[in-house]
Amino acid sequence: MQEAVMRLDKFLKVSRLIKRRTVANEACDAGRVTVNGKPAKASTKVKKGDVIEIQFGTKAVKAEVLDIQDTTKKEEAKELFRYI
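Note that the coordinates shown come from a computational prediction; the quantities given were computed from them, not determined experimentally. (Residues numbered from 1 in each chain as written. Predicted model: local features only at pLDDT ≥ 70, side-chain atom pairs only at ≥ 80, totals over all residues. Heavy atoms only, no water.)

Engineer: How should I be thinking about the nonpolar core in this particular structure?
Structural biologist: Buried together is how nonpolar side chains tend to be arranged in soluble globular proteins. Counting residues in each nonpolar core, the largest one holds 23 residues, and the members touching the most others are L8, F11, L12, L17 and I52. Looking at this core, the elements that each hand over two or more residues are helix 1 (8-14), helix 2 (21-29), strand 2 (33-35), strand 5 (51-56) and strand 6 (59-65). Here this core takes 4 residues from helix 1, the largest share from any one element. If we skip the residues at most four places from it in the chain, L12 touches L17, I18, A24, I52 and I54. (Core = buried A, V, L, I, M, F, W, Y, C linked by side-chain atoms within 4.5 Å. Buried < 20%, exposed > 50% of the residue type's maximum accessible area, 1.4 Å probe, protein only. Helix = DSSP H or I, 4+ residues; strand = E, 2+ residues; numbered from the N terminus. Contact = heavy atoms within 4.5 Å.)

Engineer: Is there a simple way to explain the sheet that holds strand 5 in this structure?
Structural biologist: Spatial strand order, 3-2-5-6-7: 5 strands in an open sheet with antiparallel pairing. Every other strand in the sheet has two partners, leaving strand 3 (38-39) and strand 7 (81-83) as the edge strands with one partner each. One ladder, built from 2 bridges, connects strand 2 with strand 3; its direction is antiparallel. Looking at the pairing, V35 lines up with K38 of strand 3. (Pairing = 2+ DSSP bridges.)

Rendered as structure tokens:
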């Protein structure tokens, strides 16, 4: 079975780390998002085990990808990642 991968911008939206995909795209373009310590574009593929870090102004959010889903219910979104 092939490992599930997803575009970074879509994962950020589906996981509710960032509410809208356009906002996720802008954050990536502005260089405020890293995957495994490297600056990431919106099209970067993420998979289980990847560590995503997002700069929101002065605070940074770091989260590990636990699961990849195309769609989720709001309640289940937090199961896709865990804060580090």
